[in-house]
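Observations on the model geometry
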Amino acid sequence: MQSTTTPHGGTFTNPPTTTTSSKFHLLPHDVIRAHILPHLDGCTLASIGCTTPELRTLITTDHHLWSHLCHSTWPSTTSPRLRHLISTFPNGAHTFFSLSFPPLPPTLSPPSSSSPSTSGELISAVDIFYRGKCMFSKVQENETVTGWFRCSPFRVDLLDPKESVPTPIRRPSHDDTCRDLYNDIELTWLLVCPTRRRSINVSGLRPVSVEKHWLSGEVHMRYASVVGHVAFVVDVTCVGCGPGGLVLHVTEVCLKMEDIDGVSLIGKDSLVILQQVLEGKRGKCGKNKSENVEEGRKRYFEYLERRKEWKENKVKKEGRLDVMCVVFGVGFIVSLFCWSIFLALLLKFMSLFAFRTRIRFIPS
């Protein structure tokens, strides 16, 4: 199989050319458009579009098809704000899907300019699914021009401190139930830049970790996507509510960006990273959803290993620096002590020499 890069940076795997695929384009376009294309996902549509120029034109020019695909994949895109914004993209919903569906690349692209160009606002479109059904969807706009945003740690909170969202999820009673949440809960977080008409998907679809607090019973889920030395991290917190606290309510959904030290980037630095990711190429899509999820988890765990090695090397360097400081301090004290002894002996010798010289010249 060969890989083909779309005009927007996404990479898809082309299906093998067979006699069946060569006859596929002979079907009437109305039949293909009405009875075949609506039942295919985005990766399959992109792969079929790479077989013949006729099919490529048929697929890329069907704006209703791509709009329906965007709305079914990300229910938050049905909001009036995003509907209008998607229509302003160069090729409408097709361009939006090609930019948003592929995962993030493993490395960052070189910046096109020194100053961040994602100025104005940043739109977050978030959807949370439980066993394939959307249970939470929200679109939020955040400004990126004030000094408070640029100097504070980058963090996007979707819920207020006292706000909660009910879910049909039962509170986990043991570790096995927590493990079930790995496959039951999926999250997509799209970041859209209205000024540049670009969008990216910064979530890993499925959590990389699910933990239950031993005391409060809160369930903490983490979704992550790694690009270069930066990790886009989405933390979701659920607490037990209702009679006996048996049903989980979502109380926190937040996005932040962490560097290799695990420190949150400030808004100014995060805009530089976002600019590189938005303007760069997209990652390669796997054969299916599970392959994309496993690749994302593998990259995140490798990132954690690099972070661990980085911290260990940092501790070693700081340890060597501490030893050098101690050695320098001890050496300085010893040299100062030796110098004081030398001066004391020198003064004593000079005073003794002066005393003997004085005695020699005293008349008898």
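Residues numbered from 1 in each chain as written. Predicted model: local features only at pLDDT ≥ 70, side-chain atom pairs only at ≥ 80, totals over all residues. Heavy atoms only, no water.

**Things to note about the confidence of the model for the protein**
- A residue-level look at the protein finds 86% of positions with pLDDT of 70 or above and a mean pLDDT of 83.
- Note that residues 15–21 has pLDDT below 50 and, in this model, four contacts with residues that lie over four places away or in other chains. (pLDDT = per-residue confidence, 0-100. Contact = heavy atoms within 4.5 Å.)

**Focus on a negative patch on the surface**
- A cluster of acidic residues, Glu291, Glu295, Glu302, Glu305, Glu309 and Glu312, forms a negative patch on the protein surface.
- When you line up the elements, Glu291 lands in helix 11 (residues 289–360). (Patch = residues over 30% accessible without salt bridge, like charges linked within 9 Å, V, L, I, M, F, W, Y side chains within 5 Å. Areas by Shrake-Rupley, 256 points an atom, 1.4 Å probe, with all protein chains shown as cover. Salt bridge = Lys/Arg side-chain N within 4 Å of Asp/Glu carboxyl O. Lys, Arg positive; Asp, Glu negative; His and termini not counted. Charge placed at Lys NZ, Arg CZ, Asp CG, Glu CD. Helix = DSSP H or I, 4+ residues; strand = E, 2+ residues; numbered from the N terminus.)

**Focus on the pattern of salt bridges**
- The tally for this structure, following the rule as stated, stands at 12 salt bridges.
- A salt bridge links Glu252 to Arg155, with the nearest nitrogen and oxygen atoms 2.8 Å apart. Placement of Glu252 in strand 12 (residues 247–258) and of Arg155 in strand 5 (residues 155–157) is noted, with a sequence separation of 97 residues between them.
- Judged by relative accessible area, Glu252 falls into the partly exposed class, the value being 26%. (Buried < 20%, exposed > 50% of the residue type's maximum accessible area, 1.4 Å probe, protein only.)

**Considerations on the side chain of Arg282**
- Tracing the backbone through its elements, the reader meets Arg282 in the loop between helix 10 (267–279) and helix 11.
- For the buried Arg282, no salt bridge is present, and the opposite-charge side chain at shortest range is Glu279, 7.8 Å distant.
- Within polar-contact distance, the side chain of Arg282 engages the backbone oxygen of Val277 at 3.0 Å.
- Reaching out from Arg282, the side chain makes a polar contact with the backbone oxygen of Leu278 at a distance of 3.3 Å. (Polar contact = N/O pair within 3.5 Å; in protein donor to acceptor, adjacent residues only side chain to side chain.)

**Points about the packing of helix 5 (residues 63–73) against helix 7 (residues 93–100)**
- For the pair helix 5 and helix 7, the least separation of the axes is 8 Å and the interaxial angle reads 40°. When the interaxial angle is binned, helix 5 and helix 7 end up oblique. Regarding helix 5 and helix 7, the two cross each other, and that crossing is left-handed. Along its contact with helix 5, which presents His63, Trp66, Ser67, Leu69, Cys70 and Thr73, the element helix 7 presents Ala93, His94, Phe96 and Phe97.
- For the contact of helix 5 with helix 7, the class distribution of residues is six nonpolar, four polar and no charged. (Axes fitted to C-alpha atoms, helices over the stretch in contact; angles between N-to-C directions. Parallel < 35°, antiparallel > 145°, perpendicular 65-115°, else oblique. Left-handed = near helix turned anticlockwise from the far one by under 90°. Nonpolar A, V, L, I, M, F, W, Y, C, P; charged D, E, K, R; others polar.)

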